[in-house]
Amino acid sequence: MMRQKGFTLIEMLVAMAIFSSLISVLMLGFQQGLLLWDKTQKQSHIWLKSEFRYGLLNTAFSQAITATNQYKKGRYASYFIGTATNIKFISAAPIMDVNGRIRPIEIKAVEENRKWQLLYREGSRYSDIDRGIRWNKNWAKLLTGLEKITFSYLAPAFPLPAELDRRWLTKEEKLRYREKSTWIADYDSKQRWLYPLQIAIEFTDGKGLAQQWLLTPPNGSDAWSMEIYEDN
Amino acid sequence: MKITDKAGNKGFALPITLIVLSLLTVLSMGISQMARQNIAKIQSRQQFLQDELQLKNTSQWVLYQLLTGVPDKNVKRNNSYTLPVDNTAVSYNQVQVQVQDSAGLMGLYYYYPKRTEQLLKKLTDKQSAVKIAAQLKDWIDKDSRSSYQGMEAAGYRKTGQPMLPRNAPIRSLDELLELPAMTVALYNGSDHKTGIRDLMLAGGVAEFNIATAPDILLGPMLGITGKKLAQIKALKKAKDWTHIREATARMSLFSDSSPLGQAYQYRVILTLPNGKKSRALYQLTPSKEKPYQQKQWQYPDNDRG
C-alpha cells in the first residue's frame, strides 16, 4: 500500500483555524498596543507642545523691557497692557527673532467654533511706543483646541501715601494704590507705574486637563532713566 | 500555495508566519524609533529645566552670601565664606560663579560720551569708537543737532537705516545693538576679547570701585593715562588698598566718594560644567520686604543680536 504524502483536508482546516486564531490574538494585541501608543503619543505631544510654548513665552517674559518708554505728550512709563484675553508688552527675547533684539509682543486668546486658541504676534524690529508700533499682520498659533483660557495679573502692593486722601484721587489714580499684591483681570502699566509681578495664563486643554502658566517679568529695571554729561 | 523543501516536505504555515512576524517586527521598529525621538525631545526639555534649576539654586546661594556678607573692597565677607565680587571665578557645587559689583562697571545712566569713546577705542578701531559714542549721544538726547560723527533722525533717513533714534534714555543694554555703527561681535566679545556687554550696564551706579573694576575700565573711568594709570593698575594688582586711597587723593580723582566702595547691585554669571550659562542682575534691598530685586535674568546666556 502506498503511503500518502501531505495533509488531509481536516488537518489543513484545523491547522488554518489554529493559525488564524493565533494571528487574530496577535493582531488584536498589536492593535491595542498601537491604540495605546497613539493615545500616549498624542498626550506626550500635547504636553511637549505646551511645555515648549511655555518655555518660549517664559523666556520672552523673563526678558521683558520694564524700563520706561516715552509716550506721546511727554509721559514716561513702562509698556505693559493686559486684559482677560490680551497682553501687549516689549521684550528683548522675542520668539521670532534672536535674543537681544527688542520687539513688541502681543498675545491673545480667541474663540472660534467653541474652541479657544492662544495666538502670538510680534511688532517689527525698531518699532516701539516711542517710534510707533508696527505689528505684523500674521498671528502664530501657540495652542489650539482649548476649552477655556484666561489671563490675569499679580499687581504689586502700592500703599497709598499718608498725605493722600483716597477721596480726592482720580479714577486712574485709584487703580494704582493697594495695600497688598492682588490678582486682577486688567493691567495697564501707564496707570500703575510698575510692571505686574506675575502673569498667569490659565487654560483647559482638549483633554479637559487644566493648566496654569505662571510667567515672571524682571522685578524692576536697571535702565530707569538717563542723563548726559558733557565730558569733552 | 504549497512550498516544498529539499526533503520533500510541503507546507505554508511557517513561511507565512515568518512573513507576518517580519512585518510586525518592522512596524515595531518604526514605532520604537518614533518613541526614541519623542523621548529625546522630552529629555532635552528636562535637561534644560534641570540646568535652570541648578543655576537658580546657585543664585540663591550667591544672594545669601551677598546679603549676609560685609562689603570689603573687592569681596563680600561673612563668617563662613569670602565671595569675590570683581568677576573672579569661584566654584560652588561644580557651578562656576562670577560676581561683579556694579560699581566696577561703566553704567550708562550717567552717560559720558568721551569716557565711552575712550573705552571703545580699546575694543575696536578709532573711527568706529568715535561713531558709536557720538551715535549713542544723539540716540538719547532730545535735540535734532547731530554731534560730530553722530546721527539724528534726518541722517538715519538719508542713509537708509531701517530704524530711527529714540531720542530717549535706553531701556536695555541690548538697545546698543540698534546703533548703526555697533556690531554684534563688538557687543558680545569673544573668548579672546571682552565685549561691551561685559563692561557696561544700561543704568549702573554713580560710584566707581577701583577694587572691583576690570583693568580695561580704569583709564576711561578715572580719566587718567600713562604713569598715573600704570601706578593705579600696579597698586590694584598688589591689592594695596591703602596706597590706592592715597594715590587717588593725590590725583584728586574722587572728590565726594570712596575709590573702593561697592554698590548694592551685582551682576552674576553662572556657568554649568556642560557650558550652559545664566546672567542675572540683582539689586539688594535689605530694608524692603523682599531683600533683593531680580532686574535681569538671561538663561541660556548666549550671544545677543
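In what follows, the structure referred to is the one given above.
Residues numbered from 1 in each chain as written. Chains lettered and ligands numbered in written order. Predicted model: local features only at pLDDT ≥ 70, side-chain atom pairs only at ≥ 80, totals over all residues. Heavy atoms only, no water.

When you look at the overall build of chain A in this model, what are you seeing that I'm missing?
In terms of helices and strands, chain A carries 3 helices and 13 strands. Expressed as lengths along the three principal axes of its C-alpha atoms, the size of chain A is roughly 125 × 50 × 30 Å. Put simply, chain A has 232 residues, and 41% of those count as buried. Taking the intrachain contacts of chain A between residues at least 6 apart in sequence as the baseline, contacts between residues at least 24 apart amount to 56%. Here chain A contributes 32 positively and 24 negatively charged side chains, and the mean placements of these two sets differ by 8 Å. (Helix = DSSP H or I, 4+ residues; strand = E, 2+ residues; numbered from the N terminus. Buried < 20%, exposed > 50% of the residue type's maximum accessible area, 1.4 Å probe, protein only. Contact = heavy atoms within 4.5 Å. Lys, Arg positive; Asp, Glu negative; His and termini not counted. Charge placed at Lys NZ, Arg CZ, Asp CG, Glu CD.)

Just to check I follow, could you spell out the overall build of chain B for this structure?
Assigned secondary structure in chain B consists of 9 helices and 13 strands. Its C-alpha atoms give chain B a radius of gyration of 29 Å, clearly above 19 Å, the size a compact globule of 305 residues would have. The C-alpha extent of chain B, read off along each of the three principal axes, is 110 × 60 × 40 Å. When burial is assessed residue by residue, chain B has 47% of its 305 residues classed as buried. Sequence separation of 24 or more characterises 53% of the internal contacts of chain B that already satisfy a separation of 6 or more. Working note: accessible area of chain B is about 15300 Å², and carbon and sulfur atoms make up 53% of it. (Rg over C-alpha atoms; globule rule 2.2 N^0.38 Å. Areas by Shrake-Rupley, 256 points an atom, 1.4 Å probe, with all protein chains shown as cover.)

Could you clarify how one ought to interpret a nonpolar patch on the surface in this entry?
Among the surface-exposed residues, Ile10(A), Val14(A), Ile18(A) and Leu22(A) lie close enough to one another that they form a single nonpolar patch of about 410 Å² accessible area. Tracing the chain through its elements places Ile18(A) in helix H1 (residues 9–62). (Patch = residues over 30% accessible without salt bridge, like charges linked within 9 Å, V, L, I, M, F, W, Y side chains within 5 Å. Salt bridge = Lys/Arg side-chain N within 4 Å of Asp/Glu carboxyl O.)

Any chance you could explain empty space enclosed by the protein here in plain terms?
By rolling a water-sized probe across the atoms, one finds the places where empty space is left. Residue and element names in this part refer to chain B. According to the stated counting rule, one finds 1 cavity of 30 Å³ or more in the structure shown. In this structure, the largest cavity spans a volume of roughly 380 Å³. Every residue lining the largest cavity is counted, 28 residues in all, and those nearest its centre are Ser172, Leu173, Lys295, Gln296 and Gln298. For the lining of the largest cavity, the elements supplying multiple residues, two or more each, are strand S10 (200–201), strand S12 (277–284) and strand S13 (292–298). The element that contributes the greatest number of residues to the lining of the largest cavity is S13, accounting for 4 residues. Of the residues belonging to the lining of the largest cavity, the class tally is 12 nonpolar, 8 polar and 8 charged. (1 Å grid on protein atoms, 1.4 Å probe; cavity = no way out; pocket = protein on both sides within 12 Å on 5 of 7 lines; lining within 4 Å. Points joined across faces, edges and corners; volume = space filled by probe spheres on them. Nonpolar A, V, L, I, M, F, W, Y, C, P; charged D, E, K, R; others polar.)

How should I be thinking about the pairing of strand S4 (residues 86–91) of chain A in this particular structure?
Both faces of the sheet carry side chains from a regular strand, because those side chains alternate between them. Residue and element names in this part refer to chain A. Among the 6 residues that make up S4, 5 are buried, leaving the element largely enclosed by the rest of the structure. In terms of strand pairing, strand S3 (residues 80–82) meets S4 through 3 bridges, oriented antiparallel. Residue Gly82 lies in a different strand from S4, and its bridge partner there is Ile87. One ladder, built from 6 bridges, connects S4 with strand S5 (residues 103–112); its direction is antiparallel. In the strand pairing of S5, Ile87 is matched with Ile107. (Pairing = 2+ DSSP bridges.)

Mind showing me how you'd approach the interface of chain B and chain A here?
When the parts of a complex come together, some accessible area is lost, and that lost area is often taken as the interface size. Taken together, the contact between chain B and chain A spans 63 residues of the former and 53 residues of the latter. Carbon and sulfur atoms make up 60% of the surface buried where chain B meets chain A, a total of about 5000 Å² over both sides. For the chain B face of the interface with chain A, the top three residues by lost area are Arg45(B), Tyr109(B) and Arg171(B), together amounting to 16%. Run the count over chain B and chain A and you get 5 salt bridges. Put simply, Arg45(B) and Glu51(A) hold a salt bridge, and the shortest N to O gap is 3.1 Å. (Buried area = accessible area lost by both parts, 1.4 Å probe.)

Help me out: how do you make sense of the packing of aromatic side chains in this one?
The full count for this structure, using the stated rule, is 15 aromatic pairs over all chains. Considering the side-chain rings of Trp61(B) and Tyr92(B), the 4.0 Å spacing of their centres and the 10° angle between planes classify their relative orientation as stacked. With a gap of 31 residues between them, Trp61(B) in helix H1 (residues 13–68) and Tyr92(B) in strand S6 (residues 86–92) connect regions that are remote in the sequence. The class of Trp61(B) is buried, set by a relative accessible area of 13%. Among the aromatic residues, those joined into a ring-pair cluster are Phe61(A), Phe80(A), Phe89(A), Tyr153(A), Tyr187(A) and Tyr195(A). For the cation-ring pair, Lys108(A) lies above Trp139(A), with the distance from its terminal atom to the ring centre recorded as 4.3 Å. Taking NZ or CZ as reference, Arg115(B) lies 3.9 Å from the ring centre of Tyr112(B), over its face. (Phe/Tyr/Trp six-rings, centres within 6.5 Å; stacked < 30°, edge-to-face > 60°. Lys NZ or Arg CZ within 6 Å of the ring centre and 35° of its normal.)

What should I look at first to understand the side chain of Asn74(B) in this one?
Residue and element names in this part refer to chain B. Its place among the elements puts Asn74 in the loop between strand S3 (70–72) and strand S4 (75–77). A relative accessible area of 8% means that Asn74 is categorised as buried. For Asn74, the contacting residues outside a window of four places in its chain are Leu83, Pro84, Val85, Asp86, Ala211, Thr212, Lys239, Trp241 and Gln262.

Looking at this structure, how should I read the packing of helix H8 (residues 226–237) of chain B against helix H9 (residues 241–250) of chain B?
A pair of packed helices is characterised by two quantities: the angle between their axes and the separation of those axes. All names here are of chain B. The geometry of H8 relative to H9 is characterised by a closest axis approach of 8 Å and an angle of 160° between their N-to-C directions. The orientation of H8 relative to H9 falls into the category roughly antiparallel. The two elements H8 and H9 meet at a crossing, and its hand is left-handed. Of the residues in H9, those in contact with Gln231, Ile232, Leu235 and Lys236 of H8 are Trp241, His243, Ile244, Ala247, Thr248 and Arg250. The residue inventory of the contact of H8 with H9, partitioned by class, reads 5 nonpolar, 3 polar and 2 charged. (Axes fitted to C-alpha atoms, helices over the stretch in contact; angles between N-to-C directions. Parallel < 35°, antiparallel > 145°, perpendicular 65-115°, else oblique. Left-handed = near helix turned anticlockwise from the far one by under 90°.)

Mind showing me how you'd approach the sheet that holds S3(B) here?
For sheets, the rule is that strands pair by backbone hydrogen bonds, running either parallel or antiparallel. Residue and element names in this part refer to chain B. Here we have 3 strands laid out as an open sheet, ordered S3-S4-S5, and antiparallel in their pairing. The open sheet has two free edges, formed respectively by S3 and strand S5 (82–84), since each of these has just one partner strand. Sheet twist, expressed as the average angle between the axes of neighbouring strands with direction ignored, equals 25°. Two elements, S4 and S5, share 3 bridges in a ladder whose sense is antiparallel.

What's the story with the environment of Ser189(A) in this structure? I'm lost.
Residue and element names in this part refer to chain A. Mapping Ser189 onto the fold places it in helix H3 (residues 189–192). Taking the C-alpha atoms as reference points, Ser189 and Leu209, separated by 20 residues in sequence, lie 32 Å from one another. Apart from residues lying up to four places away in sequence, Ser189 is in contact with Ala77, Ser78, Tyr79, Phe80 and Leu194. There is a polar contact of 2.9 Å between the side chain of Ser189 and the backbone nitrogen of Phe80. (Polar contact = N/O pair within 3.5 Å; in protein donor to acceptor, adjacent residues only side chain to side chain.)

What am I meant to see in the sheet that holds strand S11 (residues 265–271) of chain B here?
Residue and element names in this part refer to chain B. Across the sheet, which stays open at both edges, the 5 strands sit in the order S6-S7-S11-S12-S13 with antiparallel pairing between neighbours. The open sheet has two free edges, formed respectively by S6 and S13, since each of these has just one partner strand. With strand direction ignored, the average angle separating the axes of adjacent strands in the sheet is 20°. Alignment of S6 against strand S7 (residues 95–101), held across 5 bridges, turns out to be antiparallel. Bridge pairing in S7 places Val90 opposite Val97.

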